[in-house]
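If you want the building blocks of each chain, they are given just below.
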Amino acid sequence: AQSVTQLGSHVSVSEGALVLLRCNYSSSVPPYLFWYVQYPNQGLQLLLKYTSAATLVKGINGFEAEFKKSETSFHLTKPSAHMSDAAEYFCAVRRMDSSYKLIFGSGTRLLVRP
Amino acid sequence: KAGVTQTPRYLIKTRGQQVTLSCSPISGHRSVSWYQQTPGQGLQFLFEYFSETQRNKGNFPGRFSGRQFSNSRSEMNVSTLELGDSALYLCASSLALAGDEQYFGPGTRLTVT
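Now for a look at the structure at hand. (Residues numbered from 1 in each chain as written. Chains lettered and ligands numbered in written order. Predicted model: local features only at pLDDT ≥ 70, side-chain atom pairs only at ≥ 80, totals over all residues. Heavy atoms only, no water.)

**Looking at the sheet that holds strand β6 (residues 56–58) of chain A**
In a beta sheet, neighbouring strands are held together by backbone hydrogen bonds and run either parallel or antiparallel to one another.
Residues and elements named next belong to chain A.
At step 1: Within the open sheet, the 5 strands sit side by side as β1-β3-β8-β7-β6. Their pairing is antiparallel. Each edge of the open sheet carries a strand with a single partner, namely β1 (3–7) and β6. Taking each pair of neighbouring strands and ignoring which way they run, the sheet shows an average axis angle of 20 degrees.
At step 2: As paired strands, β1 and strand β3 (residues 19–26) are joined by 5 bridges and run antiparallel to one another. Bridge pairing in β3 links T5 to N24. (Pairing = 2+ DSSP bridges. Helix = DSSP H or I, 4+ residues; strand = E, 2+ residues; numbered from the N terminus. Axes fitted to C-alpha atoms, helices over the stretch in contact; angles between N-to-C directions.)

The following block contains the structure:
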């Protein structure tokens, strides 16, 4: 069975500091991995995705993530946090087959301090 | 290109009633999935439709059902509403190609009183 674990339900950083949101996955087959962001009272917006091409994936708004098979990790990073990055972030996994069912992590709420 | 639209955005129902939520996918997208989001359970998969056929179903009771029409629009229905059904219901669409991502709508906030 596939699953993702997001370490830390809340992460607080200062504006301009590095953002690191952790995600570890479990999958018996090669997975597709995604990071989504959710702002209050809105749906989910895709930040980036890994689909077995380059292991370092660049997304929107300056975010990137690195797929590390040996560590079963797909951590999300951004070199310099901005106040507008404050939101909830979800890591998700799905199988490389015909199903589009996403399994989501529990989410990490990012707080950005001025 | 217009995004995924969901109607209504907000809904208040009473226990025991039923409700129908609607989702219009991005033009050209053939796959539609539904998710329930609650503070306690997080984001949980409800069902997935492709070409009017249900391809996957999550672990929800039979009170939750859905369908997809020939134009890819989808509806989900919840019968005999319970307080615990209060949630944000999210619809997502995709082209249904290998590696394709899902695009989410803004959700329907259902409150059951």
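**So, the state of the cysteines**
At step 1: Applying the stated criterion across every chain yields a total of 2 disulfides over all chains.
At step 2: C23 of chain A shares a disulfide with C91 of chain A; S-S distance 2.0 Å. In this structure, the disulfide formed by C23 of chain A and C91 of chain A twists by about -60 degrees around the S-S bond and is classed as left-handed. With a gap of 68 residues between them, C23 of chain A in strand β3 and C91 of chain A in strand β9 (residues 87–95) connect regions that are remote in the sequence.
At step 3: Relative accessible area serves as the criterion here: at 0%, C23 of chain A is assigned to the buried category.
At step 4: Each sulfur in the disulfide pair C23 of chain B and C91 of chain B lies 1.7 Å from the other. Between C23 of chain B and C91 of chain B, the S-S torsion sits near -55 degrees, and that sign places the bridge as left-handed. With a gap of 68 residues between them, C23 of chain B in strand β3 (residues 19–24) and C91 of chain B in strand β9 (residues 87–94) connect regions that are remote in the sequence.
At step 5: Its relative accessible area of 0% is what places C91 of chain B among the buried residues. (Disulfide = S-S within 2.5 Å. Buried < 20%, exposed > 50% of the residue type's maximum accessible area, 1.4 Å probe, protein only.)

**Section: the pairing of β9 of chain B**
Residue and element names in this part refer to chain B.
At step 1: Where burial is concerned, most of β9 is hidden: 8 out of the 8 residues are buried.
At step 2: Residues A87, Y89, C91 and S93 line one face of β9 and the alternating positions L88, L90, A92 and S94 line the opposite face, and both faces are buried.
At step 3: Taken together, the 7 bridges between strand β4 (residues 31–38) and β9 define a ladder with antiparallel strand orientation. If you follow S31 over to β9, its bridge partner there is S94.

**What about the sheet that holds β3 of chain B?**
Residue and element names in this part refer to chain B.
At step 1: Taken together, the 4 strands give an open sheet; going across it, the order is β1-β3-β8-β7, and neighbouring strands pair in antiparallel fashion. Two strands close off the open sheet at either side, each with one partner strand: β1 (5–7) and β7 (64–68). Between one strand axis and the next, the sheet turns through 20 degrees on average, direction left out of account.
At step 2: As paired strands, β7 and strand β8 (residues 74–78) are joined by 5 bridges and run antiparallel to one another. Bridged to S65 within β8 is N77.

Everything listed here is a matter of coordinates, which is why it stays silent on function.
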